[in-house]
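# Per-entry structural report
For reference, the chains in residue letters:
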Amino acid sequence: MNPKLKFKVRRAGLIALQFFKDSPDGNLFIAEARRHIPFAIKRVYFINNLANAKAVRGRHAHRRLEQVLIAVSGSFVLQLDDGHRTQRVLVNDASHGVYVGPLLWHTMTSFSYDCVILVLASEWFDERDYIREHDVFLQAVMTSRRQKPM
Ligand code: T46
């Protein structure tokens, strides 16, 4: 991932972790809440076993949840849609995560055989926070824009 990568979609960003190259003894990556990660972390989960070429994850947005997605191993393609613009990002660098804010439709595909995705999340799991239909998502974006300029 280019460390200067610019996001054209709203509510997304590149997050640099603290990184020590302890050669020849490996690499050390650090993510501290409110220092590197722009929220207090309430939940951590990870996804592996993504070798199936047809695997797709996401395809939803969250109403309030903020997350940082990190490919701690391998790579995947993250497709982002803020309701106005879309962007594809190849996530392939353990020293950088992608911030995915509220009301951002996100889909993950094209996982490398060794892909492991670590997710740092701002809230405990709550199915009511999910928007799983794209037209409902577009409506929520419009409503939110009417309520406050983003
Ligand atoms: C994102 C990607 C990377 C739970 O019970 N607790 C949890 O913390 C999570 C994350 C999921 N679940 C249940 C809910 C569903 O029945 O596991 C099932 C699959 O969950 P979800 O649709 O969230 O899975 P993904 O991998 O498609 O999406 C998740 C995040 O929701 C998403 O925002 O970025 O992981």
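Above: the structure in question.
Treat the numbers as computed from the prediction; the structure is a model and nothing was measured. (Residues numbered from 1 in each chain as written. Predicted model: local features only at pLDDT ≥ 70, side-chain atom pairs only at ≥ 80, totals over all residues. Heavy atoms only, no water.)

## Observations concerning the pairing of strand β9 (residues 96-100)
Basically, it comes down to this: Exposure is judged per residue with a 1.4 Å probe applied to protein chains only, and the accessible area is read against the type maximum: over 50% gives exposed, under 20% gives buried, and values in between give partly exposed. What counts as a helix is a DSSP run of H or I of at least four residues, what counts as a strand is a run of E of at least two, and both are numbered from the N terminus. Strand pairing is assigned whenever DSSP identifies at least 2 bridges connecting the two strands.
In terms of burial, β9 is a largely internal element, five of the five residues being buried. Of the two faces of β9, the one carrying His96, Val98 and Val100 and the one carrying Gly97 and Tyr99 are both buried. Examined bridge by bridge, strand β1 (residues 12-16) and β9 share five bridges and lie antiparallel to one another. Paired with glycine 13 across the strands is tyrosine 99, a residue of β9. Here strand β6 (residues 67-73) pairs with β9 via three bridges, running antiparallel. Across the sheet, the residue bridging to valine 68 is tyrosine 99, located in β9.

## Examining the layout of surface pockets
So the rule is basically this: Any residue with an atom within 4 Å of a point lines the site, the site being either a cavity, points on a 1 Å grid over the protein atoms alone where a 1.4 Å probe fits but cannot get out, or a pocket, an open set with protein on both sides within 12 Å along at least 5 of 7 lines. Grid points are joined across faces, edges and corners, and a volume is the space filled by probe spheres set on the points. Classes in brief: Ala, Val, Leu, Ile, Met, Phe, Trp, Tyr, Cys and Pro nonpolar; Asp, Glu, Lys and Arg charged; the others, Gly included, polar.
Roughly 210 Å³ of internal volume is contained in the largest pocket. Considering only enclosed or pocket space, the second largest pocket measures out at about 180 Å³ in volume. What lines the second largest pocket is Arg43, His62, Arg63, Arg64, Leu65, Glu123, Trp124, Phe125, Asp126, Arg128, Asp129 and Tyr130. In the lining of the second largest pocket, the residues fall into four nonpolar, one polar and seven charged.

What is shown is where atoms sit, not what they do.
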